[in-house]
Structures are given as C-alpha cells and as structure tokens.
Amino acid sequence: KEEFQTSTLPNDWIMSNQLDNSNWQIVQVKGKDGLTGKALMHTNPNPVYRKQVLLLTSKTADLSNSVEPYLYFDFVHHQFTTTPYLDSLRIVVKQVCGTVQREKVLFNGNSEEMRTVDTTSLQNWTPVDSSWYWMAFDLSEFKGTKVVGEFQLFRGQSSRTFLGNFVIREEYYQPGQL
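These numbers were taken from a predicted model, which means no experiment stands behind them.

Chemist: Can you tell me about the side chain of T57, naming the residues and giving the values?
Modeler: Its location among the elements puts T57 in strand β4 (residues 53-57). Engagement of the side chain of T57 in a polar contact is seen with the side chain of E150, the distance being 3.3 Å. Contacts of T57, omitting those with residues within four sequence positions, involve W13, I14, V148, G149 and E150.

Chemist: Now, about the nonpolar core: what can you tell me, with residues and values included?
Modeler: General note: in soluble globular proteins, nonpolar side chains tend to be found buried as a group. Judged by nonpolar contacts, the single largest core of 27 residues is most densely connected at L71, F73, F151, L163, F166 and I168. Elements with a minimum of two residues in this core: β4, β6 (69-78), β7 (88-95), β9 (133-138), β10 (146-154) and β11 (160-170). Within the second largest apolar cluster, 10 residues are counted, among which are V27, A39, V117 and F162.

Chemist: Go over the layout of surface pockets with me, naming the residues and quoting the values.
Modeler: Taken as a whole, the largest pocket holds about 210 Å³ of empty space. Forming the walls of the largest pocket are 15 residues, and the residues nearest its centre are G31, D33, G37, K38 and N165. Elements with a minimum of two residues in the lining of the largest pocket: β3 (36-43) and β11. Here the lining of the largest pocket takes four residues from β3, the largest share from any one element. For the lining of the largest pocket, the residue count by class is four nonpolar, six polar and five charged.

How each quantity is defined
Within any chain, residue numbers begin from 1 and follow the written order of that chain's sequence. The predicted nature of this model means local features are confined to residues of pLDDT at least 70 and side-chain atom pairs, given and counted, to a pLDDT of 80 or more, with totals for whole chains, interfaces and linings taken over all residues. For the side-chain quantities, the full set of heavy atoms in the structure was used; hydrogens and water were omitted. Numbering goes from the N terminus for both helices and strands, where a helix is a DSSP run of H or I of at least four residues and a strand is a run of E of at least two. As used in this structure description, the phrase polar contact means that two N or O atoms lie within 3.5 Å; if the pair is within protein, one of them must be able to donate a hydrogen and the other to accept it, and residues adjacent in sequence are counted only when both atoms belong to side chains. The contact criterion used is simple: two residues touch if any of their non-hydrogen atoms lie within 4.5 Å. Among buried residues, the Ala, Val, Leu, Ile, Met, Phe, Trp, Tyr and Cys ones that are joined through side-chain atoms within 4.5 Å form a nonpolar core. Accessible area is worked out with a 1.4 Å probe on protein chains only. A residue is then buried under 20% of its type maximum, exposed over 50%, and partly exposed in between. Put plainly, a pocket is an open set of points on a 1 Å grid over the protein atoms alone with protein on both sides within 12 Å along at least five of seven lines, a cavity is a set where a 1.4 Å probe fits but cannot get out, and a lining residue has an atom within 4 Å of a point. Grid points are joined across faces, edges and corners, and a volume is the space filled by probe spheres set on the points. Amino acids outside the nonpolar list (Ala, Val, Leu, Ile, Met, Phe, Trp, Tyr, Cys, Pro) and the charged list (Asp, Glu, Lys, Arg) are all regarded as polar, and Gly is one of them.

Just geometry here; none of it tells us what the structure is for.
Next comes the structure, spelled out in structure tokens:
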C-alpha cells in the first residue's frame with residue numbers, strides 16, 4: 001500500500017517526464033476520510049507543456065498467489081473554468097515478468113470525463129473529503145503474474161489531479177456482499 005506520506009516520490013515508483021518541470025508532487029490534502037494527509041498532485045499552469053506526457057509507474061505487485069486481485073486508489077480531478085486545454089489520463093496495468101507481455105487500459109478519459117468536482121476559477125483549488133472518488137479495478141485476468149500500474153497523464157493546462165492510497169491487493173468485500 002502506498003499512502004505517499006513522505007515528501008518525495010517512493011524509491012520503488014518511476015516517474016518519466018520529457019520536461020524538467022510540471023511533475024507529480026506530494027502535497028498535504030484533506031482525504032476522503034476528512035483527515036489531513038498527503039497525496040500526489042499534478043498541475044500544469046504553463047501552456048508550453050500542453051500535450052506532453054507524464055508517466056508514473058507503481059512498484060511491482062506480485063499476483064502469483066492472488067485469488068481476486070484489485071487495484072484501488074483515491075482520485076480527484078479538478079478542471080479550471082478558464083482553460084480550453086483539457087488534461088487526459090490513461091490508467092494501464094502491465095504484466096512485467098514472464099514470456100507473455102500483456103497490458104490492459106483500465107481508464108481513458110479527458111478532464112470533462114474524469115472530473116470529480118464542479119469546475120471553478122480557483123487556481124489553488126485543493127480537495128475536500130467529498131471531492132474524492134474511490135477507484136477500483138478488477139485485475140483477475142493478471143492472476144499468477146507480476147504487474148505494475150501506470151498513470152499516463154497527457155498535460156492540458158491549469159487542471160489539478162490528485163492520487164492517494166494506491167494499493168494492489170485482494171478484493172475488499174463490502175457489507176452485504178457475498
């Protein structure tokens with residue numbers, strides 16, 4: 001489980017950026033539980049960086065003994081009303097070991113499709129507990145392998161994306177679920 005509680009990106013995560021600016025950064029936020037914690041944030045105020053891709057790859061998860069593996073994380077996306085340039089995000093799971101290399105796109109959308117709150121003109125917007133969405137993706141087709149999660153962010157301008165509480169684990173069972 002990665003809660004991003006240090007001040008730098010974990011050593012076992014990889015960030016690939018064609019630019020030396022506009023990176024993911026760890027910031028203090030109010031989480032979906034209402035408590036103050038940390039999360040990854042990306043914002044791109046510079047129009048020069050539009051359409052440039054920023055890759056963030058998780059540490060390797062071993063699913064060799066998994067029964068019902070899932071990828072879970074908390075997610076917020078805020079779109080500013082003053083920009084016509086939308087961010088796009090693709091979330092991909094990739095098998096990293098073995099003779100067969102597979103990958104699956106779990107999510108692919110732009111700012112209007114992935115925003116979790118109404119647009120505003122606030123440049124320094126930060127999430128509140130009700131802004132967060134809990135994302136869950138079934139990884140059962142990758143049982144018996146090793147995988148990474150990859151966030152492919154195609155920069156727009158002036159939106160903010162937050163990620164927190166990333167974990168690949170067995171399925172959480174909800175009350176009333178068999």
